[in-house]
Number of protein chains: 2
Amino acid sequence: MAGGIGSRFWPMSRSHKPKQFLDVLGTGKTLLQQTYERFAKICPPENILIVSNLDYRALILEQLPQILEQNVLCEPMRRNTAPCIAYANAKIALQNPNANIVVAPSDHLVLDQEKFVKDINLGLDFISNSDAILTLGITPSRPETGYGYIQVGKESPVGNGIRLVKTFTEKPNLDIAKVFVESGEFFWNSGMFLWNLQTIQNAFKDYLPEVSELFNKNTSAYNTPQEQAFIEATYSACPNISIDYGVMEHAKNVNVLCTEFGWSDLGTWGSLYENSDKNDDNNVLQGQRIITYDTQNTIVRSEGNKVAVVQGLEGYIVVDTNDVLLICKKDDEQQIKQFVNDVKIKFGASFE
Amino acid sequence: MAGGIGSRFWPMSRSHKPKQFLDVLGTGKTLLQQTYERFAKICPPENILIVSNLDYRALILEQLPQILEQNVLCEPMRRNTAPCIAYANAKIALQNPNANIVVAPSDHLVLDQEKFVKDINLGLDFISNSDAILTLGITPSRPETGYGYIQVGKESPVGNGIRLVKTFTEKPNLDIAKVFVESGEFFWNSGMFLWNLQTIQNAFKDYLPEVSELFNKNTSAYNTPQEQAFIEATYSACPNISIDYGVMEHAKNVNVLCTEFGWSDLGTWGSLYENSDKNDDNNVLQGQRIITYDTQNTIVRSEGNKVAVVQGLEGYIVVDTNDVLLICKKDDEQQIKQFVNDVKIKFGASFE
């Protein structure tokens, strides 16, 4: 899934080039490239499908020149994750009705690749032999309020850290998040899912029948010159709904593999700060020409040859792009979505 | 005098285009242009000489297309104010040995033009009829630590607010500045001087004889193609010394016109902040696309179409130029000189 706009990462992440297409960690590879490489260790590269917005097709082909063009599925508009998954399902069904599927966002961080590959293979084993839905739950290391949590129940008969899901929860406030973490019963919802095709197709039929019907109305259009027009019509008619809300919260037999592989959704500047190496002042400096004085616990990012001299900040985010400068307290970063909106209204959509 | 580099105004003021050549107040006119216009109300424009560094000749002619080219005196190197004044004196002497002279920096702010013109004319009356040196002292409105102060003695027989100078003082600390202001005996040193040519030539002969000799060694070179080469040699041999240190502190018969015409040397971001209109949050926003949230007592300047979103700052300076971003506490702005130096060492002289 590579269609998000990463607005909490503004102004680095922009609607014309969102987070997944950026090297946010300064590793030399974009998050999309990193995600692709992770899955290339799990399945043949020709089995990797990327579902994204039509606007990003060129970016994807540029960043992943090795990918088969027909494996880039282009959404004509944003309809959240359920239609995205339904589209991929329909395409996969034509290739292999017995496919086992991993669904993953393309803009997350995974530090321990080896553990990740092991866990995914474990999960694939599990779902290939059952009609269960499997999610990945991450052992929480702090009472993060930016994530949803999964409450787990008793262990599945299959063992291996796989447990039944009791509830999915929304992002909690700090007090609740603390209780969650202390209880040991709650895991971060990583937004990664595993299922076999039959299981997820059935779940769509049960819980999102209109979406299921729309995508299966004219399966002969797939892989022909008519596909894009069909998809355009399908998306126009399709509700805007997430897989969590549309399927997960209703489905029976949802399981969770509780694990830990150095995961972050890198959803915010704060999480990028947490996941980056810090210098002696606890600052994260991303840029070639940054100097700080009397500054701590701050992330500064500047582009190219631009010099940034930062004095007297404690706990801030400073992001200097070509056309936007953002200075914001780390603790107030949830306001960034509002900033983007205000800037868009005042100065134009190009700043989104 | 238009040869300074305004380093305390970095990164807006740069050695290739210092403060006097910038529209720091956003009025549509640079400080040099404003200064020129002020004096054009006092004397014929052809009597206005501009002494600056050779590097700025093109900038001056561009900003003041009406000026006579021969009225732009070009210093080949920085030697502080005494040589600058000596050079002008030598040139003026050839035109009019009885000239009355006003010496003024080109990068100061004067809000009340009418009062300024009146005061300068009053001062010119005074010095045209005496062999006295006259400085302009500004009634202090706050215990500013960024200015030198003039302690005044008894009133001059000529009256009109003109008094004898007791001492020139360096920039005081805050406690001393408070005592100065409360005493009523101390005035801000504006750095503006009035004298007739004979008086200042004599003062140079008395207190800076080597400078006087250097500039008068070969007066036949002036206004010929040999002038620049002669000046080059003269400056090379000349000490680096200010008029205050070289002449004012030694001269007898130094008087001060104590007045007030909305003056600021605009020497620092803090003084620009003080002298600018503030919005309801007490912020000074210089730029077309600045939005602030939870921000007070802060000055933000951004260039062109660049957007700046500033959240959670109290009492800061934020300056975003094409190649440098500066964020600094207003109270710590004296560190800016150090920043410039560090940036220059690390990233090159082009950032000075």
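Since the structure is predicted, the reported quantities are computational estimates derived from the model, not experimental observations.

**Here we look at the overall build of chain A**
Working step 1: Within chain A one finds 11 helices and 16 strands.
Working step 2: The C-alpha atoms of chain A give a radius of gyration of 21 Å, which matches the 20 Å a tight globule of 352 residues would have.
Working step 3: Along the longest, intermediate and shortest principal axes, the C-alpha atoms of chain A span 60 × 50 × 35 Å.
Working step 4: Residue pairs at least 24 apart in sequence account for 64% of intrachain contacts in chain A once pairs closer than 6 positions are excluded.
Working step 5: Separation between the mean location of the 31 positive side-chain charges and that of the 42 negative ones in chain A comes to 2 Å.

**Some remarks on the interface of chain B and chain A**
Working step 1: Contacts between the two partners involve 37 residues from chain B, matched on the other side by 37 residues from chain A.
Working step 2: Approximately 2800 Å² of surface area, both sides summed, lies buried where chain B meets chain A, with 62% of it carried by carbon and sulfur atoms.
Working step 3: There are 2 salt bridges connecting chain B and chain A.
Working step 4: Measuring nitrogen to oxygen at the nearest pair gives 2.5 Å for the salt bridge that ties Lys306(A) to Asp320(B).
Working step 5: The interface formed by chain B and chain A includes 22 residue pairs in polar contact (both at pLDDT 80 or more).
Working step 6: Elements supplying a minimum of two residues to the side of chain B that touches chain A: β12 (290–293), β14 (307–311), β15 (316–320), β16 (324–329) and α11 (336–347) of chain B.

**As for the sheet that holds β16(B)**
By definition, the strands of a sheet pair up through backbone hydrogen bonds, in either a parallel or an antiparallel sense.
Working step 1: Overall, mixed pairing links the 6 strands, which are arranged β12(A)-β14(A)-β16(B)-β15(B)-β13(B)-β11(B) in an open sheet. The sheet is open, and its two borders are formed by β12 (290–293) of chain A together with β11 (284–286) of chain B, each paired with just one other strand. With direction set aside, neighbouring strand axes in the sheet form an average angle of 5 degrees.
Working step 2: Across 4 bridges, strand β13 (residues 299–302) of chain B lies against β15(B) in parallel orientation. Pairing of Val300(B) across the sheet is with Val318(B), part of β15(B).

**Remarks on the relation of the copies chain B and chain A**
Working step 1: Aligned on chain A, chain B shows an RMSD of 0.1 Å; the corresponding rotation is 179 degrees and the shift along the axis is 0.1 Å. Between the two chains, the operation in question is that of a two-fold axis.
Working step 2: Interface residue correspondence from chain B to chain A reaches 100%, placing this contact among same-surface, isologous pairings.

**With respect to the pattern of salt bridges**
Working step 1: This model, assessed by the stated rule, comprises 22 salt bridges over all chains.
Working step 2: Residue Arg142(A) is joined to Glu144(A) by a salt bridge in which the shortest nitrogen-to-oxygen separation is 2.9 Å.
Working step 3: Given a relative accessible area of 24%, Arg142(A) falls into the partly exposed group.
Working step 4: For Asp119(B), the salt bridge identified is with Lys115(B), shortest N-O distance 3.3 Å. Placement of the pair is Asp119(B) and Lys115(B) together in helix α4 (residues 113–128), with a separation of 4 residues, close to one helical turn.
Working step 5: On the basis of relative accessibility, which here comes to 6%, the residue Asp119(B) falls in the buried class.

**Points about the packing of helix α3 (residues 81–95) of chain A against helix α7 (residues 209–216) of chain A**
All names here are of chain A.
Working step 1: At a minimum axis distance of 10 Å, the contact between α3 and α7 shows a crossing angle of 40 degrees. When the interaxial angle is binned, α3 and α7 end up oblique. In the crossing of α3 with α7, the sense of the turn from one axis to the other is right-handed. Each of Pro83, Ala86, Tyr87 and Ala90 in α3 lies in contact with α7, whose residues at this interface are Val211, Phe215 and Asn216.
Working step 2: Class assignment for the residues of the contact of α3 with α7 results in 6 nonpolar, 1 polar and no charged.

**Description of unusual backbone geometry**
Backbone geometry follows two general trends: most residues other than glycine have a negative phi, and most peptide bonds adopt the trans configuration.
Working step 1: For the peptide bond that leads from Trp10(A) to Pro11(A), omega is 5 degrees, which places it in the cis range.
Working step 2: In this fold, Pro11(A) is placed in the segment before α1 (31–40).
Working step 3: Its identity as a non-glycine residue notwithstanding, Leu266(A) has a phi of 45 degrees, on the positive side.
Working step 4: The residue Asn160(B) is not glycine, and still its phi comes out positive at about 55 degrees.
Working step 5: Within the fold, Asn160(B) resides in the loop between β6 (149–155) and β7 (162–169).

**Topic: helix α6 (residues 197–207) of chain A**
All names here are of chain A.
Working step 1: Considered for burial, the residues of α6 that qualify are Leu197, Thr199, Ile200, Gln201, Ala203 and Phe204.
Working step 2: For α6, the elements touching its buried residues are α3, β3 (100–103), β5 (133–138), β8 (186–196), α7 and α9 (243–248).
Working step 3: In this structure asparagine 196 caps α6, since a side-chain oxygen of it lies 3.1 Å from the backbone nitrogen of glutamine 198.

**Let's talk about the side chain of Asn283(A)**
Residue and element names in this part refer to chain A.
Working step 1: For asparagine 283, the position within the fold is in the loop between α10 (269–274) and β11 (284–286).
Working step 2: A polar atom in the side chain of asparagine 283 sits 3.0 Å from the backbone nitrogen of asparagine 297.
Working step 3: What asparagine 283 contacts, discounting residues up to four positions off in sequence, is Asp277, Lys278, Thr292, Thr295, Gln296, Asn297 and Thr298.

**Describing the environment of Thr139(B)**
All names here are of chain B.
Working step 1: Mapped onto the elements of the fold, threonine 139 is located in the loop between β5 (133–138) and β6.
Working step 2: Residue classification places threonine 139 among the partly exposed positions, given a relative accessible area of 35%.
Working step 3: Along the sequence, threonine 139 and proline 225 sit 86 residues apart, while their C-alpha atoms lie 45 Å from each other.
Working step 4: The contacts of threonine 139, once residues within four sequence positions are left out, are Phe187, Trp188, Thr259 and Glu260.

**A word on the sheet that holds β11(A)**
Working step 1: Strand order in the open sheet made by the 6 strands is β11(A)-β13(A)-β15(A)-β16(A)-β14(B)-β12(B), with mixed pairing throughout. Looking at which strands have only one partner, the edges of the open sheet turn out to be β11 of chain A together with β12 of chain B. Averaged over all neighbouring strand pairs, the angle between strand axes comes to 5 degrees, with direction disregarded.
Working step 2: For strand β15 (residues 316–320) of chain A and strand β16 (residues 324–329) of chain A, the ladder comprises 5 bridges, and the chain directions are antiparallel. Each residue of the ladder has a partner; that of Val318(A), found in β16(A), is Ile327(A).

**Structural notes on the confidence of the model for chain A**
Working step 1: On average, residues of chain A score 94 in pLDDT, and 100% of them are at 70 or above.
Working step 2: Interface confidence in the predicted complex, given as ipTM, is 0.82; pTM for the same model is 0.83.

**Some remarks on the environment of Pro172(A)**
Working step 1: Tracing the sequence through the fold places Pro172(A) in the loop between β7 (162–169) and α5 (174–183).
Working step 2: Ignoring anything within four residues of it in the chain, the contact list for Pro172(A) reads Glu144(A), Thr145(A), Tyr147(A), Tyr149(A), Ala177(A) and Phe180(A).

**Observations regarding the pairing of strand β1 (residues 50–53) of chain A**
Working step 1: Examined bridge by bridge, β1(A) and strand β2 (residues 72–75) of chain A share 4 bridges and lie parallel to one another. Directly across from Ile50(A), in β2(A), lies its bridge partner Val72(A).

**Regarding the pairing of β15(B)**
Residue and element names in this part refer to chain B.
Working step 1: Taking burial as the measure, the 5 residues of β15 include 5 buried ones, the bulk of the element.
Working step 2: Side chains of β15 alternate between two faces, with Tyr316, Val318 and Asp320 and Ile317 and Val319 buried alike.
Working step 3: The turn linking β15 back onto β16 is made up of 3 residues.

**Describing the packing of aromatic side chains**
Working step 1: This structure, assessed with the given rule, holds 32 aromatic pairs over all chains.
Working step 2: Measuring from centroid to centroid gives 6.3 Å for Trp188(A) and Trp263(A), while their planes differ by 50 degrees, and the two rings are tilted. Highlighted residues: Trp188(A) in strand β8 and Trp263(A) in strand β10 (residues 263–264), separated in sequence by 75 residues. Each member of the pair, Trp188(A) as well as Trp263(A), is classed as buried.
Working step 3: One aromatic cluster in this structure is built from Tyr87(A), Phe215(A), Tyr222(A), Phe230(A) and Tyr235(A).
Working step 4: Lying across the ring of Tyr273(B), Lys330(B) places its NZ or CZ 3.8 Å from the centre.

Procedures and definitions
Residues numbered from 1 in each chain as written. Chains lettered and ligands numbered in written order. Predicted model: local features only at pLDDT ≥ 70, side-chain atom pairs only at ≥ 80, totals over all residues. Heavy atoms only, no water. Helix = DSSP H or I, 4+ residues; strand = E, 2+ residues; numbered from the N terminus. Rg over C-alpha atoms; globule rule 2.2 N^0.38 Å. Contact = heavy atoms within 4.5 Å. Lys, Arg positive; Asp, Glu negative; His and termini not counted. Charge placed at Lys NZ, Arg CZ, Asp CG, Glu CD. Buried area = accessible area lost by both parts, 1.4 Å probe. Salt bridge = Lys/Arg side-chain N within 4 Å of Asp/Glu carboxyl O. Polar contact = N/O pair within 3.5 Å; in protein donor to acceptor, adjacent residues only side chain to side chain. Pairing = 2+ DSSP bridges. Axes fitted to C-alpha atoms, helices over the stretch in contact; angles between N-to-C directions. Least-squares fit on C-alpha atoms with pLDDT ≥ 70 in both. Buried < 20%, exposed > 50% of the residue type's maximum accessible area, 1.4 Å probe, protein only. Parallel < 35°, antiparallel > 145°, perpendicular 65-115°, else oblique. Left-handed = near helix turned anticlockwise from the far one by under 90°. Nonpolar A, V, L, I, M, F, W, Y, C, P; charged D, E, K, R; others polar. pLDDT = per-residue confidence, 0-100. Phe/Tyr/Trp six-rings, centres within 6.5 Å; stacked < 30°, edge-to-face > 60°. Lys NZ or Arg CZ within 6 Å of the ring centre and 35° of its normal.

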